[in-house]
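Chain by chain, the residues run as shown.
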Amino acid sequence: MKTTISQNGKKYNVVLTGRIDTTTAAQFEQDMKPLMDIENGDITIDCADLEYTSSQGLRTFLTLQKKVMTHNGQLVLTNMQAQVKEVFDITGFSNIIKIV
Amino acid sequence: MRISKSFSARLSATILLVTSILFITAIMVVSYYSHKLIAEEAIKSASNVLYTTTIDINKTLDRVESTVNNMQWIVEEHLDDTTYLYHITTEIVASNEEIVGSTIAFIPEFFKGKHYFSPYSCNDENDSIIVKQLGNDKYNYFEMEWFDVPFKTKEPHWSNPYFDEGGGQVMMTTYSLPLTDKQGNIFAILTADISLEWLTQKISSLHPYENSFTFLLCKDGYYITGDQPNKTMKYDAETQNKTHNEYEQLGKRMIAGDSGTLQIGDYNAFAVYGPLYNGWSTAIISPYKDVFARLMRMNLIIIVVSSIGLFLLFFACFRTIRKLTQPITEFTVAALNMAKGNFQARLPQIHSQDEMLQLYNSFDYMQKSLTHYVQELRSTTKENERMESELNIARQIQLSMVPTNFPNNEKYDIHATLQPAREVGGDFYDFLVVNDVIFFVIGDVSGKGVPAALVMSITRAAFRFLGGLGLSIDKMIEKINGTLCTRNETNMFVTLFAGKIDLKTGLLSYCNAGHNPLIICHADGNAEYLHAKPNIAVGVFDGIPFNPEQIQLEKGCRLILYTDGVTEAEDRDKKQYGEQRLLDFAQNIEKNESAEELVSNLMTDVKSFTKDAEQNDDITVLTITLKQE
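Everything numeric here is computed off the predicted structure, so don't read it as measured data. (Residues numbered from 1 in each chain as written. Chains lettered and ligands numbered in written order. Predicted model: local features only at pLDDT ≥ 70, side-chain atom pairs only at ≥ 80, totals over all residues. Heavy atoms only, no water.)

A. Examining the overall build of chain A more closely. When you go through chain A residue by residue, the secondary structure sums to 3 helices and 5 strands. Each helix and strand of chain A, placed in order from N terminus to C terminus, yields the pattern β-β-α-β-α-β-α-β. Evaluated residue by residue, chain A yields a buried proportion of 50% over its 100 residues. Summarising the internal contacts of chain A: among those between residues at least 6 apart in sequence, 67% fall at separations of at least 24. A total of about 4500 Å² of accessible surface is found on chain A, and carbon and sulfur atoms cover 48% of it. (Helix = DSSP H or I, 4+ residues; strand = E, 2+ residues; numbered from the N terminus. Buried < 20%, exposed > 50% of the residue type's maximum accessible area, 1.4 Å probe, protein only. Contact = heavy atoms within 4.5 Å. Areas by Shrake-Rupley, 256 points an atom, 1.4 Å probe, with all protein chains shown as cover.)

Now the structure itself:
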């Protein structure tokens, strides 16, 4: 699991690589911390290389989504692989988080 | 103890060795130079003694000669008065204490009818002077050296030592002065005798060293006096010491009238020698043994004192080092004790402000740290044991929350299993049958472990409570959602699938809140996923509606509900069990299989897929079979 965050003004580009599972979920949450308190942030998370996410990972996405909404920002997940998208669909998270 | 001893001994021995070498070197250097210096001083001092004595003897001899010479003209004036001649010899003896006898020996027939005529005076035993006429047939003085030699050479003469039987009755030497008439013819010999006793005493008193050997040698090699009194002997190098050529050399030099020093043998002795006034020569031979006796004694004292000193030094070093290193021994014992687990091992008391104190401080620090660390470890271990024990109890409680009495009657057959990945987990299932209606639920709390277990118990309690109120499924889930959303700071959410089956009609009302789709195994053996309208998981947003759905079930069909622990069960290569394999399993269920067998077979199939890989998520399966009547 690897998280790369690059910033360009208020635009944040995040690239996720690997698997968010039992062993990496806590680290993923830690990696996302800096993004939680940004005002008017425009966050794009590239999920092209995200292979898997557990329910704990989903919880982090959910928390991030809620924080972004509170801070009037935007969160978009892009290039999501089918099996990951399915998890978001099943749990109904695709209804809450914008996935393109 | 052994180490300390040998350490002290070794160090002490080294110090002793180095000190000894220094001592010995110093003694040798000092001894060498002292030796040289003393040898030089000895020769100087012996020469001085010889010189002083030579002057002394010369004076005496000179006095004797002067006395005799001064009487010459008196004799010549009184040749007509033979009585007075006795007076003259008496005067000579009386005037000079060294002179023990004196005579005026006349040639035959100097006085008519007197073949022998020699008035003679000498000291007797009582130191009074006796007078007599010396010459007669028994005492034919014409043949004696003291008369014969000066008579022939017409020169004054000192005789060789001789025992004067007719005259002084002592060992003596005689100074002879020839008296001549106007024509130069010798008519008498005027003499003075010197007792060799006096010379012997004089010579014997020359003792620069205890075993110094002094002697006089006259012109033709006669040994006049030395340390063997009353003996005159001809000096003979061969009889003196055959191996010592130096004696011969000494004799030759002395006879030649030289003065100087001569080394005898291989540093055995040295001789100083010098001539006397009358052509005699005297020598002092001093053995080096005596010369260096004091030095030897001093060296011996130094060696003894040094040895005692060295021994004391060794003893002091040994004691001091052992005392200084004693704490090391005690530290060793303490370290061994500490290694055995006794962290209170007594450390030696250190009073010095040195490296030993630093060692003590390090040891003390180590001891305290270890004690602290072990205490912490013990308390942590205890804490861990307590937590483990509590988690085991929690596991029992959690497992007893889900029903384990599974109904299996003519209408339906229900079975389920819950296998948490850790002690406690976030999966759960439940069912209850009220008036021919089966309520059932399966859920999965995000995350695992204790946090998940807490949320799970709330959810399950809410379901139990709401299930008995006769609410529709969607309303029931909305209420559960409301409960979970309250103060949900950590954004824990639950995916769950809840439904109710009316046993009379076979109608299944259900609502899927973000959970995996269930599988329906139809009576004909065909199986399919029931893709319900997706709802958001419970606990995400408060107050949102959940869409209920309905489907008509036929008799003989089965429902298989599961959590993602089944489909996402992974083998060692992180390959997932997957929905397809689960569907394949569902399609191959035997018709008459009981719900319990179904669950058991599914678990076996999952296990045969993951093999020895660790279970990473809670696994829950719930299956309901509607029996054919």
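B. Spatial organisation of the overall build of chain B. Of regular secondary structure, chain B possesses 14 helices and 23 strands. Relative to its full complement of 629 residues, chain B shows a buried share of 47%. Carbon and sulfur atoms make up 54% of the accessible area of chain B, which amounts to about 32800 Å² in all.

C. Inspection of the pattern of salt bridges at higher detail. All names here are of chain A. Scanning the model with the defined rule gives 18 salt bridges over all chains in all. Among the ionic pairs, E29 bridges to R59, the shortest N-O distance being 3.3 Å. Remark: R59 occurs in helix α2 (residues 55-70) and E29 occurs in helix α1 (residues 25-32); sequence separation between them is 30 residues. Judged by relative accessible area, which is 26%, E29 ranks as partly exposed. (Salt bridge = Lys/Arg side-chain N within 4 Å of Asp/Glu carboxyl O.)

D. The side chain of B:T67, seen in detail. Residues and elements named next belong to chain B. In this fold, T67 is placed in helix α1 (residues 2-77). Assessed through its relative accessible area of 13%, T67 is described here as buried. Here R63 takes part through its backbone oxygen, which lies 2.6 Å from a polar atom of the side chain of T67. If we skip the residues at most four places from it in the chain, T67 touches I92, S95, N96 and I99. (Polar contact = N/O pair within 3.5 Å; in protein donor to acceptor, adjacent residues only side chain to side chain.)

E. Looking closely at the side chain of B:N488. Residues and elements named next belong to chain B. Along the chain, N488 falls in the loop between α11 (473-485) and β17 (494-502). Taking the relative accessible area as the measure of exposure, N488 reaches 15% and is therefore buried. Looking at N488, its side chain comes within polar contact range of the main-chain oxygen of M492, at 2.5 Å.

F. Seen up close, the confidence of the model for chain B. Chain-level pLDDT for chain B is 86 on average; 95% of the residues reach the 70-or-more range. For the stretch residues 228-243 of chain B, pLDDT sits under 50, and the model shows 28 contacts to residues farther than four places along the chain or on other chains. (pLDDT = per-residue confidence, 0-100.)

G. Seen up close, the nonpolar core. Residues and elements named next belong to chain B. Membership of the largest hydrophobic core comes to 51 residues, with the highest contact counts inside it found for F440, I477, L496, V538, L559 and L622. Sorting elements by how many residues they give to this core places strand β16 (residues 437-445) first, with 7 residues. The residues contacting L622, other than those within four sequence positions of it, are I414, H415, A416, Y429, D430, F431, F440, V441, I442, L559, I560 and L561. Judged by nonpolar contacts, the second largest core, of 36 residues, contains I104, L199, I203 and L216. (Core = buried A, V, L, I, M, F, W, Y, C linked by side-chain atoms within 4.5 Å.)

H. Inspection of the interface of chain B and chain A at higher detail. Facing the 27 residues of chain B at the interface are 21 residues of chain A. Overall, the association of chain B and chain A removes approximately 1800 Å² of surface from exposure, summing both partners, and the carbon and sulfur fraction of that is 55%. Among the residues of chain B in contact with chain A, B:N491, B:F493 and B:F541 are the three that bury the most area, contributing 27% of the side total. Scanning the region where chain B abuts chain A turns up 1 salt bridge. (Buried area = accessible area lost by both parts, 1.4 Å probe.)

I. Spotlight on helix α8 (residues 293-339) of chain B. All names here are of chain B. For α8, with 47 residues, the first-to-last C-alpha span of 66 Å sits near the 69 Å given by 1.5 Å per residue. T325 marks where α8 bends most, by close to 35 degrees; the proline P327 follows one to four residues later. Of the residues flanking the end of α8, it is G341, one or two places downstream, whose phi is positive at about 105 degrees. (Expected span 1.5 Å × (residues − 1). Bend = angle between axes of the 7 residues up to and from the residue.)

J. Here's a closer look at the sheet that holds strand β2 (residues 11-20) of chain A. Residues and elements named next belong to chain A. Read across the sheet, 5 strands follow the order β1-β2-β3-β4-β5 without closing on themselves; strand pairing throughout is mixed. Strands at the two margins of the open sheet, each flanked by one partner only, are β1 (2-8) and β5 (98-99). Inspection of the sheet shows β1 paired to β2 by 7 bridges, in the antiparallel sense. Along β2, the bridge assignment pairs K2 with T17. Each of β2, β3 (42-53) and β4 (74-78) touches α2; the most contacted strand, β3, lies at about 175 degrees to it. (Pairing = 2+ DSSP bridges. Axes fitted to C-alpha atoms, helices over the stretch in contact; angles between N-to-C directions.)

K. Region of interest: the packing of α8(B) against helix α9 (residues 355-401) of chain B. Residue and element names in this part refer to chain B. Where α8 contacts α9, the two axes come as close as 11 Å, and the packing angle between them is 10 degrees. The angle between the axes of α8 and α9 places the two elements in the roughly parallel class. The chirality of how α8 crosses α9 is left-handed. Residues L324, T325, P327, I328, F331, A334, A335 and M338 of α8 pack against M356, L359, Y360, F363, M366, Q367 and L370 of α9. Classifying every residue of the contact of α8 with α9 gives 13 nonpolar, 2 polar and no charged. (Parallel < 35°, antiparallel > 145°, perpendicular 65-115°, else oblique. Left-handed = near helix turned anticlockwise from the far one by under 90°. Nonpolar A, V, L, I, M, F, W, Y, C, P; charged D, E, K, R; others polar.)

L. Structural view of the sheet that holds strand β14 (residues 412-419) of chain B. Residue and element names in this part refer to chain B. Pairing is antiparallel in the open sheet, where 5 strands are placed in the order β14-β23-β22-β19-β20. The sheet is open, and its two borders are formed by β14 and β20 (527-530), each paired with just one other strand. For this sheet, the mean angle separating the axes of adjacent strands, direction not counted, is 15 degrees. Two elements, strand β22 (residues 558-562) and strand β23 (residues 619-626), share 5 bridges in a ladder whose sense is antiparallel. Each residue of the ladder has a partner; that of I560, found in β23, is T623. Across the sheet, helix α13 (residues 578-587) lies against β19 (518-521), β20 and β22, angled at about 135 degrees from β20, the strand it touches most.

M. Spatial organisation of unusual backbone geometry. The backbone phi angle of A:N79 is positive, close to 55 degrees, even though this residue is not glycine. Along the polypeptide, A:N79 turns up in the loop between β4 and α3 (82-90). Judged by its relative accessible area of 46%, A:N79 is partly exposed. You will see that B:E109, though not glycine, has its phi angle at about 65 degrees, which is positive. Relative to the assigned elements, B:E109 resides in the loop between β1 (99-106) and β2 (119-123).

N. Here's a closer look at the pairing of β14(B). Residues and elements named next belong to chain B. With 7 of 8 residues buried, β14 lies mostly within the body of the structure. Two strands pair when backbone bridges link them, and β14 and β23 are joined in this way by 8 bridges, in the antiparallel orientation. Following the sheet pairing, Q419 is matched in β23 by I619.

O. Representation of α2(A) within the structure. For α2(A), spanning 16 residues, the distance from its first C-alpha to its last is 22 Å, which sits close to the expected 22 Å at 1.5 Å a residue. Every buried residue of α2(A) is accounted for by A:S55, A:G57, A:L58, A:R59, A:T60, A:F61, A:L62, A:T63, A:L64, A:Q65 and A:V68. Buried positions along α2(A) lie against β2, α1, β3, β4 and α3 of chain A together with β16 of chain B. Phi for A:N72, located one or two positions after α2(A), is positive at around 55 degrees.

P. Focus on the confidence of the model for chain A. Per-residue confidence for chain A gives a mean pLDDT of 90; residues scoring 70 or more make up 100%. Least confident of the elements in chain A is α3(A), whose mean pLDDT is 89; most confident is β4(A), at 94.

Q. Representation of the packing of α13(B) against helix α14 (residues 595-610) of chain B in the model. Residue and element names in this part refer to chain B. Axis separation between α13 and α14 bottoms out at 11 Å; the angle between their running directions is 140 degrees. Taken together, α13 and α14 sit at an angle that is classed as oblique. For the pair α13 and α14, the sense of crossing is right-handed. Listed contacts from α14 to R581, L582 and F585 of α13 are L598, N601, L602, D605, S608 and F609. By residue class, the composition of the contact of α13 with α14 is 5 nonpolar, 2 polar and 2 charged.

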